[in-house]
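# Reading the structure
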Amino acid sequence: MALVYLGAMEWSEWRAEFPILQRRNYLNSCSLGALSRSALARVGTFHDEWHTYGASAWYEIWIGRLAELRSRVARMIGARDPEVALAASTSSALSVLGSAFDYTQRNRVVVAALDFPTVAYQWMVRPGVEVVRIPSDDGVSIDPERMAAAIDDRTAIVSVSHVFFTTGAIQQTRPIADAARRHGAFFLVDAYQSAGQVPIDVTALGADALVTGPLKWLCGGPGLAYLWVRDEWIHALRPGITGWFAARDQFDFDIDHFEFKSDARRFELGTPALPTVHSALGAQDIIARTGIVRIRERTSELTQHLLLRLAEHGFAVHGAPEPADRSALVMVPHPDPHAAVRHLAENDIIVDARPGYVRVSPHFYNTHDELDHFVQVLATARS
Ligand SMILES: Cc1ncc(COP(=O)(O)O)c(C=O)c1O
């Protein structure tokens, strides 16, 4: 049963919403956000409707849910409803978007060396496209001026993460956005690791497109991604990969004619994962009620506490030095991260490993005690 919340809740009150917190010390929200009762309730509603109405629920109910989700996403990132499309994954959203450009005049795509690899892969496999990777000077984030300087009239697309999956650093985007605009290049932001933990405003980012999804800090589960495209570009872009959800007259089933929808749904392909649409909506309720600004305050405070505890136990951290540039994704250098993660799991502490690092990611529902316990077990294993 969905809970009804009245007013702002204490942080500790949210914990009952997430059953995993009663079973484990769960500190891995940057891989998979915790499943909430609210998300589960929405999935239950979907199943009931499936039992009751079968396929007729599509027209009467579920198409409306897709619209509801696009609208929720638009609100969260400071965009308008018609600018948001649903995709099966970031990779499929980028494949469709990438297919809409002509690379004969502009053949370069500029990415950050710290970006999630799927971003570069989209263009590495396209014949004739040159992928330019901008290295990181400090191994933590990308100098935006250096990235801006790499953009020229040969650049079709420039892409950067809002929060880097490798370091948790929050990237400054404005100089990149300005340079992209000056040279007529398209500016894409991968916000998969920021949505749900850091406020997003597509106008402030200066982006032309943004990809994200419900899997991680939004706690909505796997099976979907979100693509936002700035209105001016929607009309200019005609994807070379498509499907019936992109067709203006989708339900005419006319095999002889195809015209793109006039809004961002022209980037959609086929039937979206309805269970995830519902779990994402349920989780979105919690994020909205909690408030992303408050979540950022809370996760910043938890991260600060974690860094202090780690320092007390002699652990270095690989990340942005300034709190304002730091998210709640924390990388702890470790000689054998996989062994450490296994040892922590034996103690009911769930974190993740990346080459050379233990990756820890507290969300708003975690506590100081959980972080203390994590550091203590990590330190004990070392000694
Ligand atoms: C920054 C970033 N982008 C994208 C993805 C996911 O891509 P996809 O939705 O194609 O699995 C991840 C998830 O691991 C990520 O951390």
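Residues numbered from 1 in each chain as written. Predicted model: local features only at pLDDT ≥ 70, side-chain atom pairs only at ≥ 80, totals over all residues. Heavy atoms only, no water.

We now examine the sheet that holds strand β6 (residues 186-190). The sheet built from seven strands is open, its strands ordered β2-β8-β7-β6-β5-β3-β4 with mixed pairing. Looking at which strands have only one partner, the edges of the open sheet turn out to be β2 (84-87) and β4 (130-134). Sheet twist, expressed as the mean angle between neighbouring strand axes with direction ignored, is 20 degrees. Pairing of strand β5 (residues 155-161) with β6 involves five bridges; the strand directions are parallel. For V158, the partnering residue across the bridge sits in β6 and is F187. Helix α5 (residues 117-124) contacts β3 (108-112), β4, β5 and β6 of the sheet and is inclined by roughly 155 degrees relative to β4. (Pairing = 2+ DSSP bridges. Helix = DSSP H or I, 4+ residues; strand = E, 2+ residues; numbered from the N terminus. Axes fitted to C-alpha atoms, helices over the stretch in contact; angles between N-to-C directions. Contact = heavy atoms within 4.5 Å.)

Every residue lining the ligand is accounted for by S89, T90, S91, F116, F165, D190, Y192, Q193 and K216. Measuring from an oxygen atom of the ligand, one finds a backbone N or O atom of T90 at 2.8 Å. For the ligand, the protein covers 83% of the area, taking 400 Å² as the surface of the free molecule. When its residues are assigned to classes, the shell around the ligand shows three nonpolar, four polar and two charged. (Near = heavy atom within 4 Å. Polar contact = N/O pair within 3.5 Å; in protein donor to acceptor, adjacent residues only side chain to side chain. Areas by Shrake-Rupley, 256 points an atom, 1.4 Å probe, with all protein chains shown as cover. Nonpolar A, V, L, I, M, F, W, Y, C, P; charged D, E, K, R; others polar.)

Once that is clear, we can look at the pattern of salt bridges. It is possible for side chains of opposite charge to pair when their charged atoms get near one another. In this structure the tally under the stated criterion is 23 salt bridges. Of the charged contacts in the structure, one is a salt bridge between R154 and D152, with a shortest N-O distance of 2.6 Å. Note on D152: relative accessible area 18%, which makes it buried. Note that R181 and D208 form a salt bridge whose closest N and O atoms lie 2.9 Å from each other. (Salt bridge = Lys/Arg side-chain N within 4 Å of Asp/Glu carboxyl O. Buried < 20%, exposed > 50% of the residue type's maximum accessible area, 1.4 Å probe, protein only.)

The next point concerns the packing of helix α2 (residues 37-53) against helix α3 (residues 56-77). Between α2 and α3, the shortest axis-to-axis distance is 9 Å and the interhelical angle comes to 160 degrees. With respect to their mutual orientation, α2 and α3 come out roughly antiparallel. Between α2 and α3 lies a crossing of left-handed hand. For the pair α2 and α3, the contacting residues are R42, T45, F46, E49, W50 and Y53 in the first and S56, A57, I61, W62, R65 and E68 in the second. In terms of residue class, the contact of α2 with α3 is built from six nonpolar, two polar and four charged. (Parallel < 35°, antiparallel > 145°, perpendicular 65-115°, else oblique. Left-handed = near helix turned anticlockwise from the far one by under 90°.)

Here we come to α3. Given 3.6 residues to a turn, an α-helix orients residues that are three or four positions apart in the same direction. Helix length check: α3 (22 residues) gives 32 Å between terminal C-alpha atoms against 32 Å at 1.5 Å per residue, within 8%. If you look at α3, its biggest bend is around 40 degrees, right at W62. Where α3 terminates, the next one or two residues include G78, which has phi positive at roughly 75 degrees. (Expected span 1.5 Å × (residues − 1). Bend = angle between axes of the 7 residues up to and from the residue.)

Further remarks concern the pairing of strand β7 (residues 209-212). Walk down a regular strand and you will see the side chains alternate between the two sheet faces. Alternating residues of β7 divide into A209 and V211 and L210 and T212, and every residue in both groups is buried. Pairing of β6 with β7, which is carried by three bridges, proceeds in the parallel orientation. By the bridge assignment for β7, D190 is matched with V211. One ladder, built from four bridges, connects β7 with strand β8 (residues 225-229); its direction is antiparallel. Its bridge partner lying in β8, A209 is registered against V229.

Before going further, it helps to spend a moment on the nonpolar core. Membership of the largest hydrophobic core comes to 65 residues, with the highest contact counts inside it found for L69, M147, F187, L210 and F364. Looking at which element gives the most residues to this core, the answer is α3, with nine residues. If you look at the next biggest cluster of nonpolar residues, it comprises 29 residues, including A87, A93, A120 and V131. (Core = buried A, V, L, I, M, F, W, Y, C linked by side-chain atoms within 4.5 Å.)

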